[in-house]
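Here is how the chains run, residue by residue.
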Amino acid sequence: MMYRLYREQQLSCSVETAWSFFSSPHNLSEITPESMGFVVLSDVKDKPIFKGMEIDYTVSPVLGIPMKWKTVISQVKDHESFTDFQKEGPYKYWNHFHEFIPNENGVLMKDTVDYELPMGILGKIAHQLFVKEKLRSIFDFRYRVLDDLFNDKHN
């Protein structure tokens, strides 16, 4: 069964600033809860993302057990959108579309994640028991970090 997680967030920065931050794979660990044990293994520092770029990670989503995860950047529209697609990892299917829409307040960032778990009925049960809530909490954490990084609270 395919699931979708959708989020949007207004950032008070230029599209160039947002793009620079999100198109660097190393910033992912900054916006992922420490408990996930998220580590970028690929040497992609200071390289702008490009279609076909592969990025290797380890992540420990359950009981601290590290798992390998490889994504490929399957689509890039410079300063507008990019998609990371799981090539190898814990999901049967994972496709994360990132969109950046400039507006009068900065940039509206949209995330659309389509995903499917392996193991049929066991995957459906796992989704209901913890995966759905775990993903929600990861994106809630991310929202708070990005709000602190990009939105001026002194207005």
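Model, not experiment: these values are computed from the prediction.

(A) Structural view of the nonpolar core. Membership of the largest hydrophobic core comes to 38 residues, with the highest contact counts inside it found for F22, Y91, F100, Y115 and L146. Looking at this core, the elements that each hand over two or more residues are β1 (2-11), α1 (15-22), β3 (54-59), β4 (67-77), β6 (93-103), β7 (106-116) and α2 (120-150). The element best represented in this core is α2, accounting for eight residues. Apart from residues no more than four positions distant in its own chain, Y91 is found in contact with W69, Q86, Y115, E116, L117, P118, V131 and L135.

(B) Spatial organisation of the packing of α1 against α2. Running from N to C, α1 and α2 cross one another at 135 degrees; their axes reach a closest spacing of 13 Å. By the angle between their directions, the pair α1 and α2 is classed as oblique. As for how α1 packs across α2, the hand of that crossing is right-handed. Contact residues: α1 offers T17, F21 and F22, while α2 offers R142, L146, L149 and F150. In the contact of α1 with α2, the residues fall into five nonpolar, one polar and one charged.

(C) Fine view of the sheet that holds strand β2 (residues 39-40). Sheet architecture is open: seven strands sit in the order β1-β7-β6-β5-β4-β3-β2, paired in antiparallel fashion. Looking at which strands have only one partner, the edges of the open sheet turn out to be β1 and β2. Bridging between β2 and β3 involves two bridges; their strand directions are antiparallel. Each bridged residue has a counterpart across the sheet, and for V39 the counterpart in β3 is T58.

(D) View of the environment of P66. Along the polypeptide, P66 turns up in the loop between β3 and β4. Classification of P66 by relative accessible area gives exposed; the value is 58%. With 14 residues separating them along the chain, P66 and G52 place their C-alpha atoms 25 Å apart. Once you skip the residues sitting within four places of it in the chain, P66 turns out to touch V59 and S60.

(E) Structural view of a nonpolar patch on the surface. Side chains of V62, L63, I65, M119, I121, L122, I125, L129 and F130 sit close together on the surface and give an oily, nonpolar patch of about 980 Å² of accessible area. If you trace the backbone, V62 turns up in the loop between β3 and β4. By relative accessible area, V62 is classed as partly exposed at 35%.

(F) Representation of the packing of aromatic side chains within the structure. Per the counting criterion, the structure on display carries 15 aromatic pairs. In this structure an aromatic cluster arises from ring pairing among Y3, F38, Y57, W69, Y91, W94 and Y115.

(G) Seen up close, the side chain of N27. Here N27 lies in the loop between α1 and β2. On the accessibility criterion, N27 (19% relative accessible area) is buried. Excluding residues within four positions of it along the chain, N27 makes contact with S20 and F21.

(H) Looking closely at α2. For α2, the principal kink sits at H127 and spans about 60 degrees. Elements that come into contact with the buried residues of α2 comprise β1, α1, β6 and β7.

(I) Expanded view of the pattern of salt bridges. Tallied over the full model, the rule gives nine salt bridges. For K87, the salt bridge identified is with E54, shortest N-O distance 2.4 Å. Taken as a pair, K87 in strand β5 (residues 81-88) and E54 in strand β3 lie far apart in primary sequence, 33 residues in all. Connected via shared salt-bridge partners are E54, D56, K70 and K87.

Rules and cut-offs
- Within any chain, residue numbers begin from 1 and follow the written order of that chain's sequence.
- Residues qualify for local features only when their pLDDT is at least 70, as the model is predicted, and side-chain atom pairs are given and counted only at 80 or more; totals for whole chains, interfaces and linings, by contrast, use all residues.
- Note that water and hydrogens are dropped before the side-chain values are worked out from all heavy atoms of the structure.
- Nonpolar cores are built from buried Ala, Val, Leu, Ile, Met, Phe, Trp, Tyr and Cys residues. Side-chain atoms within 4.5 Å join them into one set.
- For each residue, the accessible area found with a 1.4 Å probe, counting protein chains only, is set against the maximum for its type, and the residue is called buried under 20%, exposed over 50%, and partly exposed in between.
- To qualify as a helix, a DSSP run of H or I must reach at least 4 residues; to qualify as a strand, a run of E must reach at least 2; elements of each kind are numbered from the N terminus.
- Contact criterion: two residues are considered in contact whenever any of their non-hydrogen atoms come within 4.5 Å of each other.
- Interaxial angle, 0 to 180 degrees, is taken between N-to-C directions of lines fitted to C-alpha atoms, where a helix line uses only the stretch in contact.
- An angle below 35 degrees is read as roughly parallel, one above 145 as roughly antiparallel, one from 65 to 115 as roughly perpendicular, and any other as oblique.
- Helix crossings fall into two classes, left-handed where the near helix is turned counterclockwise from the far one by less than a right angle and right-handed where it is turned clockwise.
- Gly falls in the polar group here, along with every residue not listed as nonpolar (Ala, Val, Leu, Ile, Met, Phe, Trp, Tyr, Cys, Pro) or charged (Asp, Glu, Lys, Arg).
- Only when DSSP finds a minimum of two bridges between them are two strands counted as paired.
- Patch definition: residues above 30% relative accessible area lacking any salt bridge, with like charges linked at up to 9 Å and the nonpolar side chains Val, Leu, Ile, Met, Phe, Trp and Tyr linked at up to 5 Å.
- Using a 1.4 Å probe, accessible areas were evaluated by the Shrake-Rupley method; residue-level cover was limited to the displayed protein chains.
- By salt bridge we mean one thing: a side-chain nitrogen of Lys or Arg within 4 Å of a carboxyl oxygen of Asp or Glu.
- The rule is short: rings of Phe, Tyr and Trp, with Trp giving its six-membered ring, pair when the centres are within 6.5 Å, and they are stacked under 30 degrees, edge-to-face over 60, tilted in between.
- A residue's bend is given by the angle between axes fitted to the 7 residues ending at it and the 7 residues starting at it.

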